[in-house]
Amino acid sequence: DGGITQSPKYLFRKEGQNVTLSCEQNLNHDAMYWYRQDPGQGLRLIYYSQIVNDFQKGDIAEGYSVSREKKESFPLTVTSAQKNPTAFYLCASSKGPDYEQYFGPGTRLTVT
Amino acid sequence: SQQGEEDPQALSIQEGENATMNCSYKTSINNLQWYRQNSGRGLVHLILIRSNEREKHSGRLRVTLDTSKKSSSLLITASRAADTASYFCATEERGYQKVTFGIGTKLQVIP
């Protein structure tokens, strides 16, 4: 079964702690993306990667970090520097530019 | 920044009616995509229309693109209660390798 998975589905953390969200795909896609969605809002791009070992900042990269050491994996770390980390985080992958994106089920992060 | 803006932000219709959602954007694009999101879930891709295309169909979905007006519309015909979801347009700006999403239209189909 091909697809894109995110874990965990729900995540709770205390303020001041870093937390890493997992994203894995077995679709053999080159490109991967991380988005943040706040209630009643659209998606905002955090980071994206068009190829292994390379990634670019999106529109709201401050307080986040990523790595792309393997084609299948694109983990996102929410650092303590992110002022409002509570949100719904969505990972996506695609063959590349000019192709549709396939989304994971999302991780809902709550920081208190 | 949000490139696409959907209109209306919310739409409520009776089952069987058609639903039309519009999307406007600001810059030149490579393509425009429509996605659907059920509450609390990931997005599902519906249709991708390239800048040199004017209309595309997929089942009960019809998408049009007018690059001169920088706008697109998504038409869902003969709506069903299961079509209740949020619908987002997303644009891939020319010269950039990323996609920008609008804030979505929340569609409610009443049985």
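For the structure, check the block above.
Residues numbered from 1 in each chain as written. Chains lettered and ligands numbered in written order. Predicted model: local features only at pLDDT ≥ 70, side-chain atom pairs only at ≥ 80, totals over all residues. Heavy atoms only, no water.

### Observations regarding the environment of L48 of chain B
Piece 1. Tracing the sequence through the fold places L48 of chain B in strand β5 (residues 43–50).
Piece 2. On the basis of relative accessibility, which here comes to 6%, the residue L48 of chain B falls in the buried class.
Piece 3. For the pair formed by L48 of chain B and A81 of chain B, sequence separation is 33 residues and the distance between their alpha carbons is 24 Å.
Piece 4. Setting aside anything within four residues of it in sequence, one finds L48 of chain B in contact with D98, Y99 and E100 of chain A together with N31, L32, Q33, E53 and K56 of chain B. (Helix = DSSP H or I, 4+ residues; strand = E, 2+ residues; numbered from the N terminus. Buried < 20%, exposed > 50% of the residue type's maximum accessible area, 1.4 Å probe, protein only. Contact = heavy atoms within 4.5 Å.)

### Focus on the pattern of salt bridges
Residue and element names in this part refer to chain A.
Piece 1. The full count for this structure, using the stated rule, is eight salt bridges over all chains.
Piece 2. With its nearest N and O atoms 2.9 Å apart, the salt bridge here joins D38 to R36.
Piece 3. Since its relative accessible area comes to 6%, R36 is described here as buried.
Piece 4. Salt bridges sharing common partners tie together R36, D38 and R44. (Salt bridge = Lys/Arg side-chain N within 4 Å of Asp/Glu carboxyl O.)

### Here we look at the interface of chain A and chain B
Piece 1. If you look at the interface, chain A gives 23 residues, while chain B gives 22 residues.
Piece 2. The interface formed by chain A and chain B contains two salt bridges.
Piece 3. Here D98 of chain A makes a salt bridge to R50 of chain B, at a shortest N to O gap of 2.9 Å.
Piece 4. Summed over the shared surface of chain A and chain B, the result is six residue pairs in polar contact (both at pLDDT 80 or more).
Piece 5. Put simply, the parts of the chain that give the side of chain A that touches chain B at least two residues each are β4 (31–37), β5 (43–51) and β9 (87–94) of chain A.
Piece 6. Partitioned by chemical class, the residues of the side of chain A that touches chain B number 11 nonpolar, seven polar and five charged. (Polar contact = N/O pair within 3.5 Å; in protein donor to acceptor, adjacent residues only side chain to side chain. Nonpolar A, V, L, I, M, F, W, Y, C, P; charged D, E, K, R; others polar.)

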